[in-house]
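Observations on the model geometry
Below are the chains, spelled out letter by letter.
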Amino acid sequence: MEVLMANIAFTTSLVAAEALTLASITSLFEEFLSSLPALIEDEKDLSGYLGCDPAVDAWIIAADASRAVTLEYCTRMLSLCAFGPQEQSLQRVARLFKAAMLTESPNLVTRLRNHATTRQWAYLVSPGTPGALQYNAMLVTALCAFEAYLSIEDGVVDTLADPQGYEGHMRDSGTTDGPTV
């Protein structure tokens, strides 16, 4: 009887730990999503700035702060152990953002962008996975934000009129802070 109780307690502890980690990565991803509008807006404000103007310091400080917040969410998500395909997909997108934000290689950014655009399905959760619809909505929102973030340098961030684009997903979620699960 003691062995059975020990097995039940151990199994319960594993299930509780897995649920806690799943909720943690999911919560962090939701916070990460909510950081993206500020990151994109702040970076967009600086797009094309080439000179030294003390009045622009506030924009630079805001952009640096937004970037630091988003990178911190990515780092925290990637430091956790992923349980299940949902968390692995969330971490893949966090890894994508972090790599693009930290690299100085335009070739790597181009490869990451092409992969995220042409192989979007590789980041999504398969339809039979529990919560797939909600997770995929978050993942697509993040991938659209990734394209918007990278498009800033192209000067087309204001013209992303695709109804399935970043802004459309944010509106569809019912909030401007990002979708919830």
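What counts, and where the lines are drawn
- Residues numbered from 1 in each chain as written.
- Predicted model: local features only at pLDDT ≥ 70, side-chain atom pairs only at ≥ 80, totals over all residues.
- Heavy atoms only, no water.
- Core = buried A, V, L, I, M, F, W, Y, C linked by side-chain atoms within 4.5 Å.
- Buried < 20%, exposed > 50% of the residue type's maximum accessible area, 1.4 Å probe, protein only.
- Helix = DSSP H or I, 4+ residues; strand = E, 2+ residues; numbered from the N terminus.
- Phe/Tyr/Trp six-rings, centres within 6.5 Å; stacked < 30°, edge-to-face > 60°.
- Salt bridge = Lys/Arg side-chain N within 4 Å of Asp/Glu carboxyl O.

Right, let's get into the nonpolar core. A general tendency of soluble globular proteins is for nonpolar side chains to be buried together. F29, F32, V93, F97 and F146 are the most contacted members of the largest nonpolar core, which totals 35 residues. Secondary structure elements with two or more residues in this core: α1 (2-46), α2 (57-79), α3 (84-102), α4 (106-118) and α5 (132-151). When residues of this core are assigned to their parent elements, the largest contribution, 11 residues, is made by α5.

The next subject is the packing of aromatic side chains. In this structure the tally under the stated criterion is 3 aromatic pairs. Between F29 and F32 the ring centres are 5.2 Å apart and the planes differ by 50 degrees, which places this aromatic pair in the tilted class. Within this pair, F29 and its partner F32 are both found in helix α1, separated by 3 residues, close to a single helical turn. Here F29 matches F32 in class, with each residue buried. Ring centres 5.0 Å apart and planes at 85 degrees place the aromatic pair F32 and F97 in the edge-to-face group. You can see F32 sitting in helix α1 and its partner F97 sitting in helix α3, a full 65 residues away along the chain. Counting every residue linked through ring pairs, the aromatic cluster contains F29, F32, F97 and F146.

Enumeration over the complete set of coordinates arrives at 1 salt bridge. The partner of E147 in a salt bridge is R113, with the nearest N and O atoms 2.8 Å apart. Of this pair, E147 sits in helix α5 while R113 is found in helix α4, placing the two residues 34 residues apart along the sequence. Residue classification places R113 among the buried positions, given a relative accessible area of 18%.

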